[in-house]
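Reading the structure
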Amino acid sequence: MSIEVRNVTKTFGSFTAVNDVSLQVPDGELVALLGPSGSGKTSLLRIIAGLERPDRGQVLFEGQDATRREAKERRVGFVFQHYALFRHMTVFENVAFGLRVRRRETRPPEAAIREKVTGLLRMVQLDWLSDRRPSQLSGGQRQRVALARALAVEPRVLLLDEPFGSLDAKVRQELRRWLRRLHDEIRLTSVFVTHDQEEALEVADRVVVMNQGRVEQIGSPEEIFDRPATPFVIQFMGNVNVFHGRVQDGKAHFGPLALDYPDHPHPEERPAAGFTRPYDLDVERSAEGGGGFWATLRHATPAGAVVRLQLEGADGALLHVEMPRDRHEALLPQLGERLYLRPRQVRVFLEPSR
Amino acid sequence: MARPTTEPRAVRLLLIAIALGFLALFLVVPLVMVFQQALERGLSAYLGAIREPDALAALRLTLLTAAIAVPANVLFGLAASWAVARFDFPGRSVLLTLIDLPFAISPVISGLVFVLLFGRQGWLGPWLAAHDLKIVFAVPGIVLATIFVTFPFVARELIPVMQAQGRDEEEAAVVLGASGWQIFWRVTLPNVKWGLLYGVVLCNARAMGEFGAVSVVSGHIRGLTNTLPLHVEILYNEYQFQAAFAVASLLAVLALVTLVARSVVEWRERATGREAAPEPEPPPRWLERAEP
């Protein structure tokens, strides 16, 4: 079932959690709401679920206005960040809850409930734990029980709030891949909230990047990563070097660095910022060919397949560079040495005029 | 790593001795005295004192009062703690303060308030008299005073339990399609049941043992408005020491039952609250399936 959010705003006291957000989730897609804490992503998810009422705007399911519909009538599956399992019930009863609370007319018979719950527990591979209490399970197991419980009511939409937030790195990796595969199997429209850009890029069909209650960019993982729409997105998606300078007559100037910038062909000068990833900076000993600038090596740390360098530019700014290990071994730069850095790719954004 | 804190053996023994000595002096000795005095003239005299009509009437009134006050306070306690723990509303802190009011003021004052309200010279006195209703110096007054004095117990017990539990499970139930009533019976209540039971036990103990407030509103009419504690006082003032202690022993037994119930509840609470070790996970099957 498709979801549409139209101009939704939600405030808590004087804090605007969600600020005029619109987005569409087509049927069967897995969408990530990505952003730092306080960016409004969880509030937006809760508004879609009906756990929170928006101050303004609409939530549409399958094109129909669901803004005033109660949470229990929306038929959404919600997986809470801290699982929110019923602690006094067994795993089996947790999963069966949504079926047992139905009205008598729509409640399946006991045998059907049993079959359904057993099937779901088998799917999340916890059938062997069905008589345990939540307190006897590990974090990853609880997460899967929460998922089975949400799926038991055959929701039309699955919403997950930081589904892997409180798990350790290894379990997280496994569950991530498992969720992606599960989604490919059942094709249920799903939205999940995360603050981990790697997670969003790996799992989601589409990513919605949020900041301070607003949507910064919506796009496929490739678009978000390769063509970030705003300075916030580029900085949030990973380590990046920032240069401050200006643009004029189709050129961008960042200290000694000059680049083409056809988006601003006007003679008036505008402040701008340039962003380049640590792995997009080539390190050379000579300035031959130009297009770069000099910096002094201050630090070098090997990290797996790459070596991380920290250099100091002429203006004292700290620069991060990642060099492939074989390249580093061929060059062998020394601490304190002056090196020529040539960016392969710089993203330029105009800054608001001061 | 810090060493677990330990004190010299002598200090530990001294502290334990002080604690146990204090307990013996102020709790065990009086309790033994009560039963010893009660049985001074033999079992038949003891039973006689208890079977005496006025004593039985006092026992009945005490049980009746508790039977009304405890359920009333359970309802109030559940409602108040739920409101305080789940919602932020104007007047929340005022409500929290008001819940503690009966703890803060002397029971005698509480009783006097009811006399001032419902007594013949009180605010509602003329209206009550005109409608031939009697509250003060009658059973309704005793029940009202008891409810007032005991209303913090259940609420105070439940508020921290409900606050610790948070809203998560209830929200999960909402999304799963449960109605408000179903959420209360299937999620909220089971989660707070031990806290609730503990509150009920304490509330009941106080309801049966309350003296001050009840004494003011009772009027001490034998066989009609005397509760057990009041009856004990009357017997004592009439120098019927053995009978007084015999009736007092009933209250002591109630207190002992309460204590046992309390320990059982605390023990159960610990047993269910304890986090059991997570099951070791077998090698995840989905990983095997992932390989082509």
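Coordinates for the structure precede this section.
Everything numeric in this text was worked out from a predicted model, so none of it was measured. (Residues numbered from 1 in each chain as written. Chains lettered and ligands numbered in written order. Predicted model: local features only at pLDDT ≥ 70, side-chain atom pairs only at ≥ 80, totals over all residues. Heavy atoms only, no water.)

Further remarks concern the pairing of strand 18 (residues 318-324) of chain A. All names here are of chain A. Covered by surrounding structure in strand 18 are Leu319, Val321 and Met323 only, the residues Leu318, His320, Glu322 and Pro324 on the alternate face being uncovered. Bridge analysis of strand 17 (residues 306-313) against strand 18 gives 7 bridges, and the strand direction is antiparallel. Each bridged residue has a counterpart across the sheet, and for Val306 the counterpart in strand 18 is Pro324. Linking strand 17 to strand 18, which pair antiparallel, is a turn of 4 residues; within it Gly316 sits at a positive phi near 90°. (Buried < 20%, exposed > 50% of the residue type's maximum accessible area, 1.4 Å probe, protein only. Helix = DSSP H or I, 4+ residues; strand = E, 2+ residues; numbered from the N terminus. Pairing = 2+ DSSP bridges.)

Moving on to unusual backbone geometry. Although it is not a glycine, A:Ala84 adopts a positive phi angle of roughly 55°. Turning to its location among the elements, A:Ala84 is positioned in the loop between strand 6 (76-79) and helix 2 (91-100). A positive phi angle, near 65°, is found at B:Tyr239, a position not held by glycine. Position of B:Tyr239 among the secondary structure elements: in the loop between helix 13 (228-237) and helix 14 (241-273).

Residue and element names in this part refer to chain A. Sheet analysis places strand 1 (residues 3-12) next to strand 4 (residues 56-61), joined by 5 bridges and oriented antiparallel. When the sheet's bridge partners are listed, Ile3 is paired in strand 4 with Phe61. In this antiparallel pair of consecutive strands, strand 4 and strand 5 (residues 64-65), the connection spans 2 residues, and Glu62 shows a positive phi of 55°.

On to the packing of aromatic side chains, then. Going through the model one piece at a time under the given rule, you end up with 19 aromatic pairs over all chains. Ring geometry for A:Trp294 versus A:Tyr340: centroids 5.2 Å apart, planes at 65°, classification edge-to-face. Residue A:Trp294 is found in strand 16 (residues 293-303), and its partner A:Tyr340 is found in strand 19 (residues 338-343); the two are separated by 46 residues along the sequence. Since its relative accessible area comes to 5%, A:Tyr340 is described here as buried. Cluster of aromatic residues (ring-pair linked, three or more members): B:Phe76, B:Phe114, B:Phe118, B:Phe148 and B:Phe151. Looking at A:Arg149, its charged tip hangs above the ring of A:Phe86, at a distance of 4.6 Å from the centre. Across from the ring centre of A:Phe225, 5.4 Å away, lies the NZ or CZ of A:Arg277, which sits over that ring. (Phe/Tyr/Trp six-rings, centres within 6.5 Å; stacked < 30°, edge-to-face > 60°. Lys NZ or Arg CZ within 6 Å of the ring centre and 35° of its normal.)

By themselves these figures say nothing about function.
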